[in-house]
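Inside the fold
Letter by letter, the chains look like this.
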Amino acid sequence: MFEPVLLKNVAVPDSHLLSTYEAGGGYQALAKALREYTPDEVVNLVKQSNLRGRGGAGFPTGMKWSFVPKQVDKPKYLCCNADEGEPGTFKDRIIMERDPHQLIEGLAVSAYAIGAKTAYVYIRGEYVTAIRRLEEAIAEAHEKGYLGSRILGSDFNFTVHIHCGAGAYICGEETAMLESLEGKRAQPRLKPPFPAVAGLYASPTVINNVETLACVPHIVVRGPDWFRDIGPDKSPGPKLYCVSGQVRKPGLYELPMGIPLRELVDHAGGPLPGRKIKAVIPGGVSAPVIPEHGLDVGMDFDSLTAAGSMLGSAGVIVIDDTTCMVKVATRIIEFFHHESCGKCTPCREGLNWVVKVLRRIEAGDGAPGDLEQLEMLCKGIFGNTFCALGDGAAMGLRAALAHFRDEFVAHIEERRCPFH
């Protein structure tokens, strides 16, 4: 039986308070890191654990930390990406609302490892409760000596600041988030240079998301071997899965990385009464859809990539047999078109035309050649944009066309939606 790690406190009364977190072993990792390990040794612990970033890209966290130059004249920064704008994703919000000290301890240990004295939590402005809880937790941690100067009697000084975003999806892209933090329009930067060398204020910067940072204290306390023993070798550890859509028990589930997608859907109660699963989006709307016959795939980075999709933010959206896939594809592309920052032409103009064609098909006004037109537009977008927003939109539409082309054809030939 899998024991929750990241969510072990969320059902405890007053789980957001420092006293509750300390009673469950909170801040022991910070004390152990400061007492027993050098910063480089903490980096090596995380490397040995093979923790991969939980924000979507799955890049090895310890390796990312090791890219930060050792000797620089500029300050180093740690940024927590808590924007969580991917539709179907709500895991980071639960941590911040119900166990904010877990994030704060993760920030402190990570900052110690990379040599940062300042961290910024970039959080979406709609997360009002999470913002308030984080502010209260930061104040508690300062008062108890877990933040501030000479933390726990050491030479380590560290402060955390909260920066509220304005609800732009593009701020989930790390360099667009840095632009927003600096007070500029949120648009992705051309890389290189990468943030580890020239990030916030052109200084060395590490960017991790909430779930990634929350894993760090557990690795320090329990060791990298414990972490690697959970899930597959290349993508180990506990994982938070957000399950929504047409299932009986939507919600947030903590299970081992690599659990079969079909089993995960069963944990959420399976399909609604009298219905059958048609497809599942495994990692937020930017992840290509997987048809029902492919649901035995493991929910980890490598398995989903091999299956033609991706883990992304693990925002699992279940679609049943009453749903029109043309409608699903149209709504998803409308979202990406609306959220495009407009910096690059393939994304800005390409998605505009994709939306027009999809709306026409959905309305029953599709024409022969429309599907070929959509495929041509996807080819022009994919791989030609500053960031992954356009790629995600193109990959998702390509998958819908590949797996459910008959529904698109029916809309065009019958000049109506067969489902509605």
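Going by the structure above, here's the rest.
Everything numeric here is computed off the predicted structure, so don't read it as measured data.

**What about a nonpolar patch on the surface?**
Taken together, the side chains of F59, M63 and F67 make up a nonpolar region of the molecular surface, amounting to roughly 280 Å² of accessible area. In this structure, M63 sits in helix α4 (residues 61–66). Classification of M63 by relative accessible area gives partly exposed; the value is 38%.

**Points about the nonpolar core**
Judged by nonpolar contacts, the single largest core of 62 residues is most densely connected at W65, M96, L107, I123 and F158. Here the element with the most residues in this core is helix α6 (residues 100–114); it accounts for nine residues. Not counting residues up to four positions away in its chain, the partners in contact with F158 are L107, A108, A111, A116, K117, T118, A119, L147, G148 and I151. Among the nonpolar cores identified, the runner-up in size contains 55 residues, and V289, L358, A393 and A394 belong to it.

**Some points on the packing of aromatic side chains**
One pair of aromatic rings is described through two measures. These are the centre distance and the angle between the planes. By the definition in use, this model includes 11 aromatic pairs. Centre to centre, the rings of Y169 and F336 are 5.8 Å apart; their planes meet at 75°, and the pair counts as edge-to-face. Of this pair, Y169 sits in the loop between β3 (159–164) and α8 (174–181) while F336 sits in helix α13 (residues 325–339); the two residues are 167 residues apart in sequence, bridging distant segments of the chain. The two residues Y169 and F336 agree in class, both being buried. The rings of Y21, Y27 and Y146 are connected pair by pair, giving a single aromatic cluster. Looking at R124, its charged tip hangs above the ring of Y127, at a distance of 5.8 Å from the centre. The residue whose ring lies beneath K239 is Y241, and the NZ or CZ to ring-centre distance is 5.8 Å.

**Regarding the environment of A393**
Among the secondary structure elements, A393 is positioned in helix α16 (residues 388–403). For the pair A393 and V285, spaced 108 residues apart in sequence, the C-alpha to C-alpha distance is 8.1 Å. In this view, A393 contacts I333, F336 and L351; residues no more than four positions away in its chain are not counted.

**Regarding the sheet that holds β3**
Spatial strand order, β3-β2-β1-β4: four strands in an open sheet with parallel pairing. The sheet is open, and its two edges are formed by β3 and β4 (205–209), each paired on a single side. The mean inter-strand angle of the sheet, taken between neighbouring strand axes irrespective of direction, is 20°. Alignment of strand β1 (residues 77–82) against β4, held across five bridges, turns out to be parallel. Within β4, the residue paired with Y77 across the bridge is T205. Sheet strands in contact with α6 are β1, β2 (118–123), β3 and β4, and its direction is about 145° off that of β1. With respect to the sheet, helix α7 (residues 128–144) is in contact with β2 and β3, its orientation differing from that of β3 by roughly 165°.

**So, the side chain of E254**
Looking at where E254 falls in the secondary structure, it is placed in strand β6 (residues 251–256). Buried within the structure, E254 lacks any salt-bridge partner; R222 is the closest side chain of opposite charge, at an N-O distance of 8.3 Å. In this structure the side chain of E254 is engaged in a polar contact, spanning 2.8 Å, whose partner is the backbone nitrogen of V5. In this structure the side chain of E254 is engaged in a polar contact, spanning 2.8 Å, whose partner is the backbone nitrogen of L7. If we ignore the near neighbours within four places in the chain, the residues touching E254 are F2, P4, V5, L6, L7, P238, K239 and L240.

**Structural notes on the state of the cysteines**
The bond known as a disulfide is covalent and runs between the sulfur atoms of two cysteines. Across all of its chains, the model carries zero disulfides by this definition. Between C242, a free cysteine, and C215, which holds the nearest cysteine sulfur, the sulfur-to-sulfur gap is 14 Å. With no disulfide of its own, C344 has C347 as its nearest cysteine by sulfur position, at a separation of 5.1 Å.

Conventions and cut-offs
Residues numbered from 1 in each chain as written. Predicted model: local features only at pLDDT ≥ 70, side-chain atom pairs only at ≥ 80, totals over all residues. Heavy atoms only, no water. Patch = residues over 30% accessible without salt bridge, like charges linked within 9 Å, V, L, I, M, F, W, Y side chains within 5 Å. Areas by Shrake-Rupley, 256 points an atom, 1.4 Å probe, with all protein chains shown as cover. Salt bridge = Lys/Arg side-chain N within 4 Å of Asp/Glu carboxyl O. Helix = DSSP H or I, 4+ residues; strand = E, 2+ residues; numbered from the N terminus. Buried < 20%, exposed > 50% of the residue type's maximum accessible area, 1.4 Å probe, protein only. Core = buried A, V, L, I, M, F, W, Y, C linked by side-chain atoms within 4.5 Å. Contact = heavy atoms within 4.5 Å. Phe/Tyr/Trp six-rings, centres within 6.5 Å; stacked < 30°, edge-to-face > 60°. Lys NZ or Arg CZ within 6 Å of the ring centre and 35° of its normal. Pairing = 2+ DSSP bridges. Axes fitted to C-alpha atoms, helices over the stretch in contact; angles between N-to-C directions. Lys, Arg positive; Asp, Glu negative; His and termini not counted. Polar contact = N/O pair within 3.5 Å; in protein donor to acceptor, adjacent residues only side chain to side chain. Disulfide = S-S within 2.5 Å.

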